[in-house]
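Residue strings, one per chain:
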Amino acid sequence: MQTTTRVAVIGGGVVGCSVLYHLTKLGWSDVLLLERSDLTSGSTWHAAGGFHTLNGDTNMAALQGYTIKLYRELEEITGMSCGLHHVGGVTLADNKDRFDMLVAERAKHRYMGLETEIITPEDIAKIAPITNTDGIIGGLYDPLDGHLDPSGTTHAYAKAARMGGATIETHVKVETTTQRPDGSWDVITNKGTIHAEHVVNAAGLWAREVGAMAGVYLPLHPMEHQYLVTEETPEIYERDEEHPHVMDPAGESYLRQEGRGLCIGFYEQPCRPWAVDGTPWDFGHELLPDDFDKIEDSIDFAFKRFPVLERAGVKSVIHGPFTFAPDGNPLVGPVPGLRNYWSACGVMAGFSQGGGVGLMLAQWMIEGETERDTFAMDVSRFGDWITPGYTRPKVIENYQRRFSVSYPNEELPAARPHRTTPMYDIFTKMGAVWGQQFGLEVANYFAQGDEPTFETPSFRRSDAFEATAREVTAVRSKAGINEVQNFGKFRISGAGARAWLDRIMAGRIPKAGRLSLTPMLSHKGRLIGDFTVSCTSEAEFYLTASYGSQSYHKRWFEQHAVDGVTVENISDALTGFQIAGPLSREILQACTRDDVTAMRFMDVRDMTVGQVACRVQRVSYTGDLGYEIYCNPMDQRQLWETLWAEGQPKGLTPFGMRAMMSLRLDKFFGSWLSEFSPDYTAAETGMDRFISFKKDVDFIGRTAAEAERETPPDRQLCAFEVDANDADVVAYEPVFIDGQVQGFCTSGGFAHHSAKSIALALIPREKVKEGLQVEIEILGEMRSAKLMTTPPFDADGARMRG
Ligand SMILES: Cc1cc2nc3c(=O)[nH]c(=O)nc-3n(C[C@H](O)[C@H](O)[C@H](O)COP(=O)(O)OP(=O)(O)OC[C@H]3O[C@@H](n4cnc5c(N)ncnc54)[C@H](O)[C@@H]3O)c2cc1C
């Protein structure tokens, strides 16, 4: 066995083999896969082999589309068969909300170029005749749905990788991994040690154990899963063509033809986590014992939906484990805190997602970044606060909700509250309706009187609408207060801090006492952060940005670490409040002996507020006059007492994230991962106005940003006033110009202050002209929309800067 390699991929399931193939495809041939048994010896061999494009996250859906199209390529390269059955599939909707969800998915697919179709119950009865369509109101047909041979496909990946120069060693078990001081790895196996520049953990069912060998906890958990294969069924074998897949979310089942019979699998409610304390090393090609009790209700439901099943005997039962992350998406990318250690695990749908996972990881390793925003599957989306105790209930919740309708305003309940600030009980008593970000409770809005303290999930305007309107009015007319716990925060210190920031950030780095806004660009000029930088002295700077992306940003900072600069993630070491609105200055002034009136827009000052030491920044995402007041979490309640005592008599009102996201629309402010994400560049989104081309620094992404200045990108972010009814834009709705899909929405909502439904959208640059009228498809209805060129609130910034 060879003793050195550029990359050691641990695990020969479908994911490890896909990673190996994509590494060779992108140009690295000195790559080695280690498999403790034979290929497919984890979840892979017993998969049902189904594939589909449907995924709530648009980028994941696109990668699933890539995966499905890849199989033909594999067959051509290798001459092997993946056993493809491109039979198409229909997802049923038995209620209005589910139908709304499918219609919204169809709309997204339009600009993604996926040819899905909304079909009627009559169409369903025609194409999938074994379906009892009673109670069905429609369905989403996807011609790309199908199934394949899991083992044949994995071996095809393996052969294609070998053809590209890769080596595969089976019956080699990795026993531990240790890092050398230069960042490379010793991979110690039962057959000797391999020195590898990079390690990829693609160990599937054993990914937790393999992660622990490097000292990391990867948040995933195996779940038991069962599907049945029936005896031959005349309704199936007498057909001229193969029966399509039918996903029946109401029955939590997926069904397809298997040979001359059927195969049906269930995501049952009484589901069971498997191997809670670790996956046994001697588990391999065995199955779990049949368990009909667990799926009894599901089977009863399936008999009604597909009556033919009641007559068809069961030929075999497949009951095996596979892994999930807390949100059901894979865990991919560089593991935060480790050099040259990559994750490719937690892939619960290896045959829908494995190709995309392999491609993204290979791009990341070889090119330094991926071609699209991979945050939905980035291993950094969970912080170091995550534990097995949190992961397990979340994974169970995810399994149970596999076929549930997912709503844009939905907050999932499992494992909550997990992290809270000192304000949690105070705000709860005041009616806070909580959401969560990155494990942390964040107030969405405050219910009053008899209003429910639970927001009903909906695709349309929800019962948060009135409360949000109230809070927006309070901010714009008097003042509002909310917490700043959900900003990611970093302290950058040391003699080289300014020089380092100048290189990392594309924008201007402020002088002492001042703030600036700056994009952070990748080497290819993609947006990887939008930061507020505050300078408290030449050797000390503070950054604020997205709370949920703090590990993502920290990983980038660590990858670009230099001597003499200390970067600390202080996201949870600093909290406090934001107060915003016309009376905010007066309220803050009443709480301090420092001169608040002397603070200009974008000033930062240390001051004592009441009895608490604070750092105050004059800036507000509400677009109004406002202040962010940061303090030690131990002091937060005391700070609250002061601000509330002074503010409440003047009309200070708590407001939540729903109001914040409405207020920002009045000013066309974009938000992180909606308008600003690695899918877009600075010039596409208008963030280029914050780039400092004047600074004499070769900041990361400069060449790409300069190229965009020379040749502006084809698309441009714009705001539209939408003639909406009871539903506003959420994200990814198609924009029709002259009857053709020519753009898509990045986010939107109802701007309560200006009483307008506003959408932000990317459209072709040459179409951006005063008076442009477009149509936006919202829940299947074409809504007319008009280009807005001036923000409806404080267009000249007089209030914000005044
Ligand atoms: C009943 C059932 C039905 C399913 N149906 C579908 C379906 O229809 N469609 C779909 O897309 N997905 C389906 N899945 C899920 C699918 O099986 C998984 O998504 C996929 O197999 C995950 O592949 P993997 O490569 O990540 O992990 P695994 O298949 O678990 O592979 C990991 C590999 O790593 C090896 N390994 C682990 N540790 C070491 C070590 N220390 N040294 C060397 N090698 C090691 C293991 O031996 C194993 O071969 C199903 C799963 C089950 C259980």
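Here the structure is shown first, and the text comes after it.
Residues numbered from 1 in each chain as written. Predicted model: local features only at pLDDT ≥ 70, side-chain atom pairs only at ≥ 80, totals over all residues. Heavy atoms only, no water.

**Let's talk about the overall build of the protein chain**
Along the protein chain, the regular secondary structure elements total 21 helices and 37 strands. Scaling as 2.2 N^0.38, a compact globule of 802 residues should have a C-alpha radius of gyration of about 28 Å, and the protein chain matches this with 27 Å. Its C-alpha atoms give the protein chain principal-axis dimensions of roughly 80 × 60 × 50 Å. Evaluated residue by residue, the protein chain yields a buried proportion of 60% over its 802 residues. Put simply, of all contacts in the protein chain between residues at least 6 apart along the chain, 72% involve residues at least 24 apart. If you sum the accessible surface of the protein chain, you get close to 29,600 Å²; carbon and sulfur atoms cover 49% of it. (Helix = DSSP H or I, 4+ residues; strand = E, 2+ residues; numbered from the N terminus. Rg over C-alpha atoms; globule rule 2.2 N^0.38 Å. Buried < 20%, exposed > 50% of the residue type's maximum accessible area, 1.4 Å probe, protein only. Contact = heavy atoms within 4.5 Å. Areas by Shrake-Rupley, 256 points an atom, 1.4 Å probe, with all protein chains shown as cover.)

**Focus: the site of the ligand**
Taken together, 39 residues form the shell around the ligand, and within it E35, R36, T44, V347 and F351 come nearest. In the environment of the ligand, an oxygen atom lies 3.2 Å from a nitrogen or oxygen atom belonging to the backbone of L205. Secondary structure elements with two or more residues in the shell around the ligand: helix 1 (14–25), strand 2 (31–35), strand 12 (221–230), strand 16 (314–324) and helix 10 (350–367). Its residues placed into classes, the shell around the ligand shows 21 nonpolar, 15 polar and three charged. (Near = heavy atom within 4 Å. Polar contact = N/O pair within 3.5 Å; in protein donor to acceptor, adjacent residues only side chain to side chain. Nonpolar A, V, L, I, M, F, W, Y, C, P; charged D, E, K, R; others polar.)

**Some remarks on the sheet that holds strand 32 (residues 715–722)**
An order of 32-35-34-33-36-37 is seen for the six strands of this closed barrel, with the pairing classed as antiparallel. On average, each strand axis in the sheet is tilted by 45 degrees relative to the strand beside it, whichever way the strands run. Across four bridges, the pairing between strand 32 and strand 37 (residues 781–788) is antiparallel. The residue bridging V722 from the neighbouring strand is A785, located in strand 37. Running over the sheet, helix 3 (residues 96–112) touches strand 33 (734–737), strand 34 (740–751) and strand 36 (773–778) and is turned about 135 degrees from strand 34. (Pairing = 2+ DSSP bridges. Axes fitted to C-alpha atoms, helices over the stretch in contact; angles between N-to-C directions.)

**Some points on the side chain of T131**
Along the polypeptide, T131 turns up in the loop between helix 4 (121–127) and strand 6 (138–142). The contacts of T131, once residues within four sequence positions are left out, are L92, I124, V246, R305 and F306.

**Overview of the sheet that holds strand 27 (residues 575–580)**
The sheet built from six strands is open, its strands ordered 28-29-30-27-21-31 with mixed pairing. Every other strand in the sheet has two partners, leaving strand 28 (604–609) and strand 31 (652–654) as the edge strands with one partner each. Pairs of neighbouring strands in the sheet enclose a mean axial angle of 30 degrees, with direction left out of account. Bridging between strand 27 and strand 30 (residues 626–631) involves six bridges; their strand directions are antiparallel. Following the sheet pairing, I579 is matched in strand 30 by Y627. Along the sheet face, helix 13 (residues 465–477) touches strand 21 (479–483), strand 27 and strand 31 and points at about 115 degrees away from the line of strand 21. The strands touched by helix 17 (residues 636–647) within the sheet are strand 21, strand 27, strand 28, strand 29 (612–617), strand 30 and strand 31, with strand 27 carrying the most contacts at an inclination of about 20 degrees.

**Examining helix 10**
Given a rise of 1.5 Å per residue, 18 residues ought to cover 26 Å, and the 24 Å separating the end C-alpha atoms of helix 10 matches this to within 8%. The element helix 10 is largely enclosed, with a buried count of 16 among its 18 residues. A positive phi of about 85 degrees marks G368, the residue just after helix 10. (Expected span 1.5 Å × (residues − 1).)

**Comments concerning unusual backbone geometry**
Looking along the chain, the bond that leaves R416 and enters P417 is cis, with omega of -5 degrees. Along the chain, P417 turns up in the loop between helix 11 (388–400) and helix 12 (424–429). Residue A275 is not a glycine yet carries a positive backbone phi of 50 degrees. Within the fold, A275 resides in the loop between strand 15 (261–266) and helix 8 (296–305). Exposure remark for A275: the relative accessible area of 18% places this residue in the buried category. Even without a glycine there, the phi angle at F668 is positive, about 60 degrees. Checked against the element boundaries, F668 lands in the loop between helix 18 (657–663) and helix 19 (682–685).

**Comments concerning the packing of helix 5 (residues 150–163) against helix 10**
Contact geometry for helix 5 and helix 10: axes closest at 12 Å, N-to-C directions at 10 degrees. Classified by the angle between their axes, helix 5 and helix 10 sit roughly parallel to one another. Residues P150, T153, T154 and Y157 of helix 5 touch helix 10, and the partners they reach there are F351, G354 and G355. Among the residues making up the contact of helix 5 with helix 10, the classes are represented as three nonpolar, four polar and no charged. (Parallel < 35°, antiparallel > 145°, perpendicular 65-115°, else oblique.)

**Thoughts on the environment of L639**
Looking at the secondary structure, you find L639 in helix 17. In the structure, L639 is positioned 597 residues away from G42 in sequence and 54 Å away in space, judged by C-alpha atoms. Beyond its immediate sequence surroundings of up to four residues, L639 is in contact with F577, V609, V612, C614, I629 and C631.

**Quick look at the nonpolar core**
Counting 48 residues, the largest nonpolar core has V9, L23, Y71, L74 and V200 as the members making the most contacts within it. Mapped onto this core, the elements with two or more residues apiece are strand 1 (4–10), helix 1, strand 2, helix 2 (58–78), helix 5, strand 18 (341–345) and helix 10. Among the elements that make up this core, the one with the highest residue count is helix 10 (eight residues). Ranked by size, the runner-up nonpolar core spans 41 residues in total, among them F283, V335, C345 and V442. (Core = buried A, V, L, I, M, F, W, Y, C linked by side-chain atoms within 4.5 Å.)

**A few points about the packing of helix 1 against helix 2**
At a closest axis distance of 13 Å, the pairing of helix 1 and helix 2 adopts a crossing angle of 70 degrees. If you check the angle between helix 1 and helix 2, you find them roughly perpendicular. Of the residues in helix 2, those in contact with Y21, H22 and K25 of helix 1 are Y66, L70, E73, L74 and I77. A per-class count over the contact of helix 1 with helix 2 returns five nonpolar, one polar and two charged.

**Here's the deal with the pairing of strand 4 (residues 89–93)**
Counting buried positions along strand 4 gives five out of five residues, so the element sits mostly inside the fold. Residues G89, T91 and A93 of strand 4 are buried on one face, and the alternating residues V90 and L92, pointing to the opposite face, are buried as well. Where strand 4 meets strand 6, five bridges bridge the pair, whose relative direction is antiparallel. Counterpart to T91 in the pairing with strand 6 is L140. Sheet analysis places strand 4 next to strand 13 (residues 245–248), joined by three bridges and oriented parallel. The residue bridging V90 from the neighbouring strand is V246, located in strand 13.

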